[in-house]
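# Structural characterization, general
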Amino acid sequence: MADTANPASGSSDGETRRDFLLYASSAVGVVGAGLALWPFVHSMNPAADVLALASTEVDLAPIAEGQAITVMWRGKPIFVRHRTADEISAAQAVDVTSLRDPQTDADRVKKPEWLVMIGICTHLGCIPLGQAPADPKGEFGGWFCPCHGSNYDTSGRIRKGPAPLNLAVPPYAFTTDTSIKIG
Amino acid sequence: MSAPSNNKVVKWVDDRLPIFTMMKHSAIDYPTPKNLNYWWNFGSLAGLMLVIMILTGLFLAMNYVPHTSMAFDSVERIMRDVNYGWLLRYLHANGASMFFILVYIHIFRGLYYGSYKAPREVLWWLGLVIYLLMMATGFLGYVLPWGQMSFWGATVITNLFSAFPLVGEHIVTWLWGGFSVDNPTLNRFFPLHFVLPFVILGVVVVHVWALHSVKSNNPLGIDMKTPQDSIPFHPYYTIKDLFGIGLFLMFYLAFVFWAPNFFGEPDNYIPANPMVTPPHIVPEWYYLPFYAILRSVPDKLGGVLLMFGAILILFVLPWLDTSKVRSCKFRPIYKWFTILFLVNAFVLGYIGAQPAEGTMLLVGQICTVWYFLHLLVLTPVIGWLEKPKPLPESISSPVVKKSGEAV
């Protein structure tokens, strides 16, 4: 009892077994609290049913040249555009080194006439206009985001405005000549 | 400790839990500067507004369904079928705007009269924490009706976090609970919106605690020196606060009854559609100055950092202001810059509501520069250079002298 009443005694530099025990148990406590916290944090991440999302199949046959459709995949709009020869050549003619997010048109398509992208502005997540014939298409003939004025070209690459990246290309594959499977 | 009453029950309780003593000490006897003007009404008004918001919110929650397929309809049901549901909702929706009006006036009062300076720095910090919590709560609440502005506001604001390198995308997915704003997002925003006001209430208690420890500032910005400088809170300021509450309620209820959608966006009466972004997204008015700062930077991360920085910088204001004098009453130069800072905030707010193009964008950029120039450069420099007017000896002395001359 005499020892516990005066824990610092017996050590001249103040370092005692008691200090060590205090630090060690505090450290274990902090780690334990962190571990206990993780299930709460992780419960907010996408649940199994959200992750188990079906892929989306799209029949391209009815889409005429120059026409664009929007389909939904993982709760996001997917832009599918049947590009005209002019649009393709405009997209291919761009000097890649001049781009904010340099990508050749060939890197962004599997077949030049079919452009498939996630239709979400890479700035703050709005849906750019340019799918319907009457929509504003921006200065580069592609898409225009009405929220903060980002302009995308006919390859969906960012050309002007605050967005940092090109419109993303989702994983997809041609199942036949005229149909694709997204995801 | 003297018991606040001779009542035996009160005494019995007070001996075991001195709650009556505490209440007498902090709500009745609390010595208050005797020269407070009407700008000092807004703190208690904001407190009242918090109570109204919690009460109306509680009863709205009894009829609201946080599910994407039912949220919009449940709000319409509140409006049409629930007894007095329209009143509860309009009180709550307009109440949010009123709460921000009151708090903005309260903050500017603090800026003008130097209430953030020593020894009130912690009091100022707690106020800023309340303000940040209010912004978060307001945003979460605006999502709940699940209209077009709800949905796209949620999308744009949560996407702010995607600007951070590496972890950004993970944070956004975590906030959403999926790959877009969807049911998991709405589902979690509801309990968060419900619980944050109680966190605000907790911080308000600490804010008032800090206030009662350092005592109220006053229009002269000098300390209370003798008992002659103060009057008890009750009945002098209880009655003045009640009078202010009467005036404020007339203002508030005029909107509730005659212009209930004045602060709202018509687009939010269109159910949320993840496939169509409205042509012009505007946040609620109380975020507009910061939204203008966000949009004035042509870089995504830069804009986000500057926007958050605009608020966080206020935490160091007590040290940026180098002047020893608190009240702008005695600061002939800084006074006008403080008023200009307010005007600048209004212009930023106006710009925030306009499309970010051409002249508007340029004006927004100039105002953004001015916002930071004022706080980071002008405030310290003017504090050094300015020659303040002579301060009165005490809170009482100008009044006593004047009345002496009159006789």
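Computed from a predicted structure; not experimentally measured.

## Here's the deal with the interface of chain A and chain B
Contacts between the two partners involve 27 residues from chain A and, on the opposite side, 26 residues from chain B. Linking chain A with chain B are 0 salt bridges. Remark: the boundary between chain A and chain B carries 8 residue pairs in polar contact (both at pLDDT 80 or more). When contributions to the side of chain A that touches chain B are tallied by element, the ones reaching two or more residues are helix H3 (48-51), strand E2 (68-73) and strand E3 (76-82) of chain A. Tallied by class, the residues present in the side of chain A that touches chain B amount to 17 nonpolar, 8 polar and 2 charged.

## So, the nonpolar core
A general trend in soluble globular proteins is that nonpolar side chains are found buried together. Membership of the largest hydrophobic core comes to 116 residues, with the highest contact counts inside it found for Met49, Phe290 and Tyr371 of chain B. The dominant element in this core, judged by the number of residues it contributes, is helix H6 (residues 121-143) of chain B, at 13 residues.

## Brief notes about the UniProt feature "domain: Rieske" (unreviewed entry) in chain A
With numbering matched to this structure, UniProt assigns "domain: Rieske" (unreviewed entry) to residues 85-181 of chain A. From the first C-alpha to the last, residues 85-181 of chain A spans 24 Å; its make-up is 13% helix and 24% strand.

## Quick word on the domain arrangement of chain B
Where interface size is quoted, it is often the accessible area lost as the parts come together. Residue and element names in this part refer to chain B. Here chain B is described as being made up of domain 1 (35-261) and domain 2 (282-392). Relative placement of domain 1 and domain 2: their C-alpha centres are 22 Å apart. For the pairing of domain 1 and domain 2, the buried interface totals around 3500 Å² over both sides, and the portion due to carbon and sulfur atoms is 71%. Of all residues in domain 1, the largest losses of buried area upon contact with domain 2 belong to Tyr112, Lys117 and Leu160, amounting jointly to 18% of the total for that side. Across the domain 1-domain 2 interface, the total number found is 2 salt bridges.

Criteria and thresholds
- Residues numbered from 1 in each chain as written.
- Chains lettered and ligands numbered in written order.
- Predicted model: local features only at pLDDT ≥ 70, side-chain atom pairs only at ≥ 80, totals over all residues.
- Heavy atoms only, no water.
- Contact = heavy atoms within 4.5 Å.
- Salt bridge = Lys/Arg side-chain N within 4 Å of Asp/Glu carboxyl O.
- Polar contact = N/O pair within 3.5 Å; in protein donor to acceptor, adjacent residues only side chain to side chain.
- Helix = DSSP H or I, 4+ residues; strand = E, 2+ residues; numbered from the N terminus.
- Nonpolar A, V, L, I, M, F, W, Y, C, P; charged D, E, K, R; others polar.
- Core = buried A, V, L, I, M, F, W, Y, C linked by side-chain atoms within 4.5 Å.
- Buried < 20%, exposed > 50% of the residue type's maximum accessible area, 1.4 Å probe, protein only.
- UniProt positions renumbered as here; feature names shortened; annotations may be inferred.
- Domains from an automatic or database assignment.
- Buried area = accessible area lost by both parts, 1.4 Å probe.

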